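Chain by chain, the residues:
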Amino acid sequence: MTFSKNGTGPRDCAPAVMLPRGLRAAISVLETVQSAFIIFVVILLAGTGPTRAQYAYCDSSNLEEIIAMHTLEILKLDEKFENYWYPPELPPDTIIPDIREVGIQDYLRQLRPRNAAVIFFGQDRDTFCSWLVRPDQETLYHAARPELEHGFGRLTRAFQASLESEVRAFRTAEISIPRMGLVLDDDVPKEMDLETATRAMSALLFPDEFAEAISGSPFADEESRKRIDTLILVPIGLWERSGDGNQNRQRAEQLVTGIGTLPLSMLRVGGRELVDVASVVVSPGFQIFASPPHNRSLQPVDAVIVGNPFITNQRFGTLPMLDGAEEEAKEIAELLNTEPLIRHDATEAGVLQELRRVSETTEYIHLATHGISSGPNPLDGSFLVMASDNPNLLVYDPEDQTARMDDRLTAREISTIKFRANPLVVLSACETGLGKDFPVGTTGLARAWHWAGASSVVVSLWNIDDAVTKGLMMKFVAHALEMPPDQALQKAMKEVRIDHEEPALWAGFTIFGGL
């Protein structure tokens with residue numbers, strides 16, 4: 001999904017390697033084994049036997065047990081990426097936050113005068129369920145059992161494929177990079193155009209009772225009518241049942257996508273797009289509710305701004321220079337009264353040195369460049385393209401072992417930096433919100449910045465239109481100086497939509513983190 005930064009040609013963003021459909025035939029067996037193994041490990045490591053939450057995930061009385069399980073698995077996932085394997089038990093010094101429904105409600109009350117709510121989804125065999133936790137009202141619960149032929153997996157793929165087609169329709173030129181996104185295949189309902197798929201996905205994620213609570217009912221009393229203006233999503237992985245009839249859950253289901261990578265802002269609630277009703281934040285997990293919310297605007301202390309790193313070779317595919325990204329970085333740097341790292345100055349070594357120099361104090365980081373997200377290798381294979389100061393890369397030879405990969409700022413490198421001031425981070429690059437989907441969410445560039453200490457990370461869900469993105473980012477930064485980033489992004493999206501009503505052009509960004 002590729003667009004123009006300067007309006008004259010496409011921003012030829014590097015492709016995500018997440019769910020590489022173009023190579024699916026070659027790795028389908030490996031992916032199936034990996035998916036089954038992930039499910040098995042999640043079940044195995046929770047204890048010697050399955051808990052009630054694991055086999056009764058969609059149970060209205062089971063929310064707190066599910067919160068505890070989700071939190072435990074997030075901590076194990078963190079350990080896995082630090083130590084390269086799932087620990088049978090967490091280290092004895094691990095602090096496991098005790099998070100309960102009342103604690104979440106207290107967190108939401110601290111956000112006033114905002115009227116925030118937490119939305120969480122679950123899936124148990126053939127049932128899809130939802131919770132909506134509100135600060136001073138009863139938690140809503142809803143369960144649905146879609147017909148298998150139009151189940152969760154097929155619906156998700158149909159929605160993503162129709163959106164992929166919509167995004168491609170705005171491309172002005174072809175690129176030489178193999179597409180790694182979803183493609184229409186025999187298992188995707190062909191009758192689902194984007195409008196049909198959007199309605200179906202909206203109905204699944206926002207059933208009538210939820211939609212009424214979020215958008216406010218005109219028939220309710222004044223207190224109940226107050227709409228929710230902020231939605232905090234705790235993500236899970238969406239699954240689908242295989243067609244082999246195997247009733248063993250570990251073998252009969254496979255991960256389809258992380259629900260946190262779906263563009264919720266374009267979905268409908270109460271007849272309106274969600275962006276008109278509420279801002280959206282994708283949280284790293286329930287653990288964010290163990291600390292008070294920041295709920296602050298952008299503070300441009302020791303800001304680090306990077307734009308249009310000079311591309312030394314084409315080993316990632318055909319990647320053009322990004323004039324629009326350069327303009328974006330320069331204008332934002334001028335707005336924040338700082339100097340950007342541009343072109344040859346935006347080397348991996350130089351950017352890392354600057355990030356480490358201000359790691360104790362920086363409160364804003366903005367990187368406008370190419371991005372690659374990897375499903376198979378989300379920390380070492382997901383990266384932001386930087387310039388290189390290595391002469392061996394000027395003419396890149398893949399057979400030359402001396403040509404070091406020093407023009408990639410990887411997710412693992414990012415995760416090793418410790419930012420003390422909890423900066424807001426903006427990744428103005430393609431598909432930076434993707435990565436490897438796990439049952440408790442997606443791991444990639446966004447979570448790496450979270451591990452490094454970022455309070456919130458603005459990321460993209462597909463290959464973004466470069467010209468429109470520059471305008472959206474300028475609006476976002478201006479608004480973020482006056483309001484929390486999720487509200488700033490919501491306002492910027494609505495303003496961009498005035499001239500670009502197609503969701504493919506404005507709905508591709510979301511925020512990962514807390515408030």
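For the structure itself, consult the block above.
Scope of this entry: the structure provided in the associated data block. As the structure is a prediction and not an experimental result, all values here were calculated from the model.

## Brief notes about the overall build of the protein
Thinking step 1. Helix and strand counts for the protein stand at 16 helices and 20 strands.
Thinking step 2. For the protein, the proportion of its 515 residues judged to be buried stands at 60%.
Thinking step 3. Counting every atom, the protein has about 20,500 Å² of accessible surface; 51% of that belongs to carbon and sulfur.

## A short note on a positive patch on the surface
Thinking step 1. A cluster of like positive charges, contributed by R227, R272, K491 and K494, occupies part of the molecular surface.
Thinking step 2. Along the chain, the position of R227 falls in the loop between helix 8 (222-225) and strand 4 (230-234).

## Quick notes on the environment of E166
Thinking step 1. For E166, the location among the structural elements is in helix 5 (residues 152-168).
Thinking step 2. Judged by its relative accessible area of 25%, E166 is partly exposed.
Thinking step 3. Remark: the alpha-carbon pair of E166 and E502, spanning 336 residues in sequence, is separated by 8.5 Å.
Thinking step 4. If sequence neighbours within four positions are ignored, E166 has contacts with L194, E502 and A504.

## Notes on the packing of aromatic side chains
Thinking step 1. As enumerated under the stated definition, the model contains 9 aromatic pairs in all.
Thinking step 2. Aromatic side chains F419 and W449 sit 5.9 Å apart centroid to centroid with 20 degrees between the ring planes, which places their arrangement in the stacked category. Taken together, the residues span a long stretch of sequence, with F419 in the loop between helix 12 (411-415) and strand 16 (424-428) and W449 in helix 13 (residues 445-452) at a distance of 30 residues. W449 shares its class with F419; the two are buried.

## Brief notes about the pairing of strand 19 (residues 456-460)
In summary, the side chains of a regular strand alternate between the two faces of the sheet.
Thinking step 1. Across the 5 residues that make up strand 19, a large majority, 5, are buried.
Thinking step 2. In strand 19, alternate side chains face the same way, and those of S456, V458 and S460 on one face and V457 and V459 on the other are all buried.
Thinking step 3. Of the strand pairs in this sheet, strand 16 and strand 19 are connected by 3 bridges, and their pairing is parallel. Paired with L424 across the two strands is S456, which belongs to strand 19.
Thinking step 4. As paired strands, strand 19 and strand 20 (residues 509-513) are joined by 5 bridges and run antiparallel to one another. Across the sheet, the residue bridging to V458 is I511, located in strand 20.

## Digging into the pattern of salt bridges
Thinking step 1. A full pass over the atoms with the stated rule returns 17 salt bridges.
Thinking step 2. Measuring nitrogen to oxygen at the nearest pair gives 1.7 Å for the salt bridge that ties R112 to D136. Remark: D136 occurs in the loop between strand 2 (127-133) and strand 3 (140-144) and R112 occurs in the loop between helix 4 (101-109) and strand 1 (116-124); sequence separation between them is 24 residues.
Thinking step 3. Between E195 and R199 there is a salt bridge, and its shortest N-O distance comes to 3.2 Å. One end of the pair, E195, and the other, R199, are both in helix 6 (residues 194-205), 4 residues apart, so they sit about a helical turn from each other.

## Focus on the sheet that holds strand 15 (residues 408-410)
Thinking step 1. Read from one edge of the open sheet, 3 strands run 13-14-15, paired in antiparallel fashion. Edge strands, defined here as strands with exactly one partner in the open sheet, are strand 13 (371-372) and strand 15.
Thinking step 2. With 2 bridges connecting them, strand 13 and strand 14 (residues 383-385) associate as antiparallel partners. The residue bridging G371 from the neighbouring strand is L384, located in strand 14.

## Observations regarding the nonpolar core
Generally speaking, a soluble globular protein has its nonpolar side chains buried in company with each other.
Thinking step 1. If you look at the biggest cluster of nonpolar residues, it comprises 133 residues, and the most contacted ones within it are L205, W449 and F476.
Thinking step 2. Discounting residues that sit within four places of it in the chain, W449 has contacts with L355, I365, L367, I414, F419, V425, L427, A454 and V457.
Thinking step 3. Counting residues in each nonpolar core, the second largest holds 5 residues, with L319, I372, F383 and V385 among its members.

## A short note on the packing of helix 14 (residues 466-480) against helix 15 (residues 485-499)
Thinking step 1. Where helix 14 contacts helix 15, the axes come no closer than 8 Å and their chain directions differ by 140 degrees. Between helix 14 and helix 15, the crossing angle belongs to the class labelled oblique. Read as a crossing pair, helix 14 and helix 15 show a hand that is right-handed. Residues V468, L472, K475, F476, H479 and A480 of helix 14 form the contact with helix 15, whose own contacting residues are P485, A488, L489, K491, A492, M493, E495 and V496.
Thinking step 2. Taken together, the residues of the contact of helix 14 with helix 15 sort by class into 10 nonpolar, 1 polar and 3 charged.

## Details of the side chain of D486
Thinking step 1. Mapped onto the fold, D486 is located in helix 15.
Thinking step 2. Only 2.6 Å separates the side chain of D486 from the side chain of S279, close enough to count as a polar contact.

## Some thoughts on the packing of helix 5 against helix 6
Thinking step 1. Interaxial distance between helix 5 and helix 6 falls to 9 Å at its minimum, and their mutual angle equals 140 degrees. Taken together, the axes of helix 5 and helix 6 are oblique relative to one another. The two elements helix 5 and helix 6 meet at a crossing, and its hand is left-handed. Contacts from F152, L155, T156, A158, F159, S162, L163 and E166 of helix 5 reach helix 6 at L194, A197, T198, A200, M201 and L204.
Thinking step 2. Tallied by class, the residues present in the contact of helix 5 with helix 6 amount to 10 nonpolar, 3 polar and 1 charged.

## Here we look at the state of the cysteines
Thinking step 1. Per the counting criterion, the structure on display carries 1 disulfide.
Thinking step 2. Disulfide partner of C58: C129, at an S-S distance of 2.1 Å. Judged by the sign of its S-S torsion, about -75 degrees, the cystine formed by C58 and C129 is left-handed. In this pair, C58 sits in the loop between helix 2 (52-55) and helix 3 (63-83) while C129 sits in strand 2, placing the two residues 71 residues apart along the sequence.

## Some thoughts on the pairing of strand 20
Thinking step 1. Across the 5 residues that make up strand 20, a large majority, 5, are buried.
Thinking step 2. Across the two faces of strand 20 the burial is the same, with F509, I511 and G513 and T510 and F512 all buried.

## Points about the side chain of E326
Thinking step 1. Note on placement: E326 falls in helix 10 (residues 323-335).
Thinking step 2. Using a relative accessible area of 10% as the deciding quantity, one classes E326 as buried.
Thinking step 3. Once residues within four sequence positions are removed from consideration, E326 is found in contact with G307, N308, I342 and R343.

## Some words on unusual backbone geometry
Excluding glycine, a negative phi dihedral is what most residues carry, and trans is how most peptide bonds are arranged.
Thinking step 1. Residues R112 and P113 are joined by a peptide bond in cis, for which omega reads 15 degrees.
Thinking step 2. The backbone phi angle of E431 is positive, close to 55 degrees, even though this residue is not glycine.
Thinking step 3. Here E431 is to be found in the loop between strand 16 and strand 17 (435-438).
Thinking step 4. Its relative accessible area of 5% is what places E431 among the buried residues.

What counts and how
Residues numbered from 1 in each chain as written. Predicted model: local features only at pLDDT ≥ 70, side-chain atom pairs only at ≥ 80, totals over all residues. Heavy atoms only, no water. Helix = DSSP H or I, 4+ residues; strand = E, 2+ residues; numbered from the N terminus. Buried < 20%, exposed > 50% of the residue type's maximum accessible area, 1.4 Å probe, protein only. Areas by Shrake-Rupley, 256 points an atom, 1.4 Å probe, with all protein chains shown as cover. Patch = residues over 30% accessible without salt bridge, like charges linked within 9 Å, V, L, I, M, F, W, Y side chains within 5 Å. Salt bridge = Lys/Arg side-chain N within 4 Å of Asp/Glu carboxyl O. Lys, Arg positive; Asp, Glu negative; His and termini not counted. Charge placed at Lys NZ, Arg CZ, Asp CG, Glu CD. Contact = heavy atoms within 4.5 Å. Phe/Tyr/Trp six-rings, centres within 6.5 Å; stacked < 30°, edge-to-face > 60°. Pairing = 2+ DSSP bridges. Core = buried A, V, L, I, M, F, W, Y, C linked by side-chain atoms within 4.5 Å. Axes fitted to C-alpha atoms, helices over the stretch in contact; angles between N-to-C directions. Parallel < 35°, antiparallel > 145°, perpendicular 65-115°, else oblique. Left-handed = near helix turned anticlockwise from the far one by under 90°. Nonpolar A, V, L, I, M, F, W, Y, C, P; charged D, E, K, R; others polar. Polar contact = N/O pair within 3.5 Å; in protein donor to acceptor, adjacent residues only side chain to side chain. Disulfide = S-S within 2.5 Å.

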